[in-house]
Amino acid sequence: MAELFYDADADLSIIQGRKVAVIGYGSQGHAHALSLRDSGVDVRVGLHEGSKSKAKAEEQGLRVVTPAEAAAEADVIMILVPDPIQAQVYEESIKDNLKDGDALFFGHGLNIRFDFIKPPAGIDVCMVAPKGPGHLVRRQYEEGRGVPCIAAVEQDATGSAFELALSYAKGIGGTRAGVIKTTFTEETETDLFGEQVVLCGGTAALVKAGFETLTEAGYQPEIAYFECLHELKLIVDLMYEGGLDKMRWSVSETAEWGDYVTGPRIITDATKAEMKKVLAEIQDGTFAREWMAEYHGGLKKYNEYKQQDADSLLETTGKELRKLMSWVNDDEA
Ligand code: NDP
Ligand code: MG
Ligand code: MG
């Protein structure tokens, strides 16, 4: 069983006694910086020249300096810029500002797990990763609650890196909900696997294949859209609230029977064998290397895939249909 830690297990005064730099002010960065500040922690935000989020951070009462200045002032440095540029930000602004006894923090383990960042021996290397988007992390904190976090230590130079990580997690409300101990390796590999195989990749491919099967058989795209994409939310909400059991309790017996007999014909032993190959490519670093090459090579294939799906019948049908649903917020698309 996982080891869990709560408010009583964490000492907030540890992080209150340190100087924290939060590098980046996006989804996670704003939540960490504001909640740490409200927890009585000395926080500065490090942002690059021309950053879009700088004005917002200053409006919200935070002091914004360059990433290098923030790293030089602080002894706990949390890197919350996009994963593919973390190594560059580290090389340019952080590396030369690390002193023995400092701590380098991450919200995701990718750059440490695959050695894109190699911190020196004298510093603590920790992770505090909320299991939710930054805006939920901040809202929960403000409401006196918290989003569960996972915490890990890759390098324990001081001998007290985990206590420091727990203290940081308390500062953003994480220990109010519970903090699970993990490792950089476990967090990184399971995160990449989950998003590729189930959450984003698997789900999107399932929706597309279902929609195409119906429309190729002559059914109306609008009807296929409702059946294969729109209704997915209702099913996922039920699973989120009460697992597969609650979903099956809520749907009709006919749907439940179809679930049992047809599901395994769609996700077959061959699918699972492919999942194992995907996991192996995550574990041996193939995926991470290829993604970094794609990102730094100008995102050519990435943009092709994006465009292909944007032009698909599924997406163009959905765009029109969502206009009929006043309660559906399509702002971000
Ligand atoms: P975002 O893309 O939301 O935010 C990135 C921030 O970094 C922006 O403020 C951006 O500024 C800033 N930035 C970009 N380049 C630089 C630079 N060179 N120097 C300083 N700041 C820079 O990132 P996320 O919050 O999504 O992700 C941050 C980390 O948190 C990642 O490791 C991610 O894996 C992890 N994480 C994210 C979760 C999420 O919910 N999004 C959940 C759990 C972990 P600008 O405003 O100018 O673009
Ligand atoms: Mg991820
Ligand atoms: Mg139905």
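- Where an unreviewed UniProt entry is consulted, the protein chain appears under the name Ketol-acid reductoisomerase (NADP(+)), with the organism given as Streptomyces plumbiresistens.
- Turning to the protein chain, the UniProt record has this under Sequence similarities (unreviewed entry): "Belongs to the ketol-acid reductoisomerase family."

## Side note on the pairing of strand β2 (residues 19-23)
At step 1: Counting buried positions over the 5 residues of β2 gives 4, a clear majority of the element.
At step 2: Note on the crossover from β2 through helix α2 (residues 27-38) to strand β3 (residues 42-46): the handedness is right-handed.
At step 3: Direction of pairing for β2 relative to strand β5 (residues 76-79): parallel, over a ladder of 4 bridges. From the neighbouring strand, A21 faces β5, where its bridge partner is I77.

## Brief notes about the UniProt feature "binding site: Mg(2+) 2" (unreviewed entry) in the protein chain
At step 1: Mapped onto the present numbering, the UniProt feature "binding site: Mg(2+) 2" (unreviewed entry) falls on D191, E227 and E231. Separation in sequence by 41 residues is matched in space for these annotated residues, since their most distant C-alpha atoms are 28.5 Å apart.
At step 2: Tracing the backbone shows D191 in helix α10 (residues 184-199).
At step 3: Position of E231 relative to the elements: it lies in the loop between α12 (221-230) and α13 (232-250).

## Remarks on the domain arrangement of the protein chain
At step 1: What the domain assignment lists for the protein chain is domain 1 (4-182) and domain 2 (192-322).
At step 2: For domain 1 and domain 2, the distance between their C-alpha centroids amounts to 32 Å.

## Some remarks on the sheet that holds strand β1 (residues 4-5)
At step 1: Pairing in this open sheet of 9 strands is mixed, and the strands run β1-β9-β8-β7-β6-β5-β2-β3-β4 from one edge to the other. Of all strands in the sheet, those with a lone pairing partner are β1 and β4 (64-65), marking the two edges.
At step 2: Against the sheet, α10 engages β7 (124-130) and β8 (149-155), with an angle of about 125 degrees to β8.

## Brief notes about the UniProt feature "active site" (unreviewed entry) in the protein chain
At step 1: Here the UniProt-annotated "active site" (unreviewed entry) positions come out as H108.
At step 2: Inspection of the secondary structure assignment puts H108 in the loop between β6 (103-106) and α6 (110-113).
At step 3: Apart from the residues within four sequence positions on either side, H108 is in contact with D83, A129 and D191.

## Structural notes on the confidence of the model for the protein chain
At step 1: Residues of the protein chain with pLDDT of at least 70 account for 99%, and the chain-wide mean is 97.
At step 2: Our summary of model confidence lists the complex with pTM equal to 0.94 and ipTM equal to 0.97.

## Quick word on the site of ligand 1
At step 1: Ligand 1 sits among 26 residues. The nearest are G24, G26, S53, G107 and H108.
At step 2: Elements with a contribution of two residues or more to the shell around ligand 1: α2, α5 (83-94) and β7.
At step 3: Its residues assigned to classes, the shell around ligand 1 shows 12 nonpolar, 12 polar and 2 charged.

## Details of the packing of α12 against helix α18 (residues 313-322)
At step 1: The contact between α12 and α18 brings their axes to 10 Å, and the two run at 95 degrees. Classified by the angle between their axes, α12 and α18 sit roughly perpendicular to one another. For the pair α12 and α18, contact is made by P221, E222, Y225 and L229 and by L313, L314, T317, G318 and L321, respectively.
At step 2: In terms of residue class, the contact of α12 with α18 is built from 6 nonpolar, 2 polar and 1 charged.

## Some details on the packing of α10 against helix α11 (residues 201-216)
At step 1: Running from N to C, α10 and α11 point in directions that differ by 10 degrees, and their axes come no closer than 3 Å. Regarding the angle of α10 to α11, the classification is roughly parallel. Every residue of α11 that contacts α10 at Q196, V197, V198 and L199 is listed here: G201, G202 and T203.
At step 2: Tallied by class, residues from the contact of α10 with α11 come to 3 nonpolar, 4 polar and no charged.

## Section: the nonpolar core
At step 1: I77, F105 and C126 are the most contacted members of the largest nonpolar core, which totals 59 residues.
At step 2: Looking at this core, the element that brings in the most residues is helix α8 (residues 161-171), giving 6 residues.
At step 3: Residue contacts for C126: discarding those within four places in its chain leaves A103, F105, A152, V153, A161, L164 and A165.
At step 4: If you look at the next biggest cluster of nonpolar residues, it comprises 6 residues, including F211, Y225, C228 and L314.

## With respect to the pairing of β6
At step 1: Along β6, one buried face is formed by A103 and F105 and the opposite face, lined by L104 and F106, is buried too.
At step 2: Both β5 and β6 contribute to a ladder of 4 bridges, which runs parallel. Along β6, the bridge assignment pairs I77 with L104.
At step 3: Assessed by its sense of winding, the connection that carries the chain from β5 through α5 to β6 is right-handed.
At step 4: Taken together, the 4 bridges between β6 and β7 define a ladder with parallel strand orientation. The residue of β7 that forms the bridge with L104 is V125.

How each quantity is defined
Residues numbered from 1 in each chain as written. Chains lettered and ligands numbered in written order. Predicted model: local features only at pLDDT ≥ 70, side-chain atom pairs only at ≥ 80, totals over all residues. UniProt positions renumbered as here; feature names shortened; annotations may be inferred. Buried ≥ 20, exposed ≤ 12 C-beta atoms within 10 Å, placed from the backbone. Helix = DSSP H or I, 4+ residues; strand = E, 2+ residues; numbered from the N terminus. Right-handed = clockwise from strand over helix to strand, strands pointing away. Pairing = 2+ DSSP bridges. Domains from an automatic or database assignment. Contact = placed C-beta atoms within 7 Å. Axes fitted to C-alpha atoms, helices over the stretch in contact; angles between N-to-C directions. pLDDT = per-residue confidence, 0-100. Near = placed C-beta within 6 Å. Nonpolar A, V, L, I, M, F, W, Y, C, P; charged D, E, K, R; others polar. Parallel < 35°, antiparallel > 145°, perpendicular 65-115°, else oblique. Core = buried A, V, L, I, M, F, W, Y, C linked by C-beta atoms within 7 Å.

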